[in-house]
Amino acid sequence: MKLAILALSFVMLTSFGTSEKISSNKRSNTEVVFGESFSLINDSKEKISIHTGTGFVSLNKGSKTSIGCNVGKEVRWANEGKKGDVIFKITADMCGKTLKLSELMK
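Nothing here was measured: the structure is a model prediction, and the numbers come from that model.

Draft legend 1. Representation of the sheet that holds strand E1 (residues 37-41). Taken in spatial order, the three strands of this open sheet run E4-E1-E7, and their pairing is mixed. Whereas interior strands pair on both sides, the edge strands pair on one side only; in this sheet they are strand E4 (64-68) and strand E7 (98-100). If you compare each strand with its neighbour and ignore which way they point, the axes differ by 30° on average. Sheet analysis places E1 next to E7, joined by three bridges and oriented parallel. Bridge pairing in E7 places serine 39 opposite threonine 98.

Draft legend 2. View of the environment of valine 75. Relative to the assigned elements, valine 75 resides in strand E5 (residues 74-79). Separated by 14 residues in sequence, valine 75 and lysine 89 have C-alpha atoms that sit 6.0 Å apart. Aside from chain neighbours lying at most four places away, what touches valine 75 is Ile50, His51, Thr52, Val86, Ile87, Phe88 and Ile90.

What counts, and where the lines are drawn
Residues numbered from 1 in each chain as written. Predicted model: local features only at pLDDT ≥ 70, side-chain atom pairs only at ≥ 80, totals over all residues. Heavy atoms only, no water. Pairing = 2+ DSSP bridges. Helix = DSSP H or I, 4+ residues; strand = E, 2+ residues; numbered from the N terminus. Axes fitted to C-alpha atoms, helices over the stretch in contact; angles between N-to-C directions. Contact = heavy atoms within 4.5 Å.

Listed below in structure tokens is the structure:
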């Protein structure tokens, strides 16, 4: 009986130790900072539709939108809810800045 209690205690204690190791690994993996964005200004003379990598946005001339700084995502032209040609790819140096569409189209 004592042996069974001892074995059960050992199993329970090792399961807590494993759980903490997994938990601490998760914490170190989730310390990457998310939520950074950049602003895109439509400085063209017409209304445009784009796909920001996560959703569709319609911009009137002179308006701006905030785009999540997901490095590597492509911002594309959009037409009637469908993705079109790539305008530019999001790079790390864009984060936190306000950019003009005409400069990114070059």
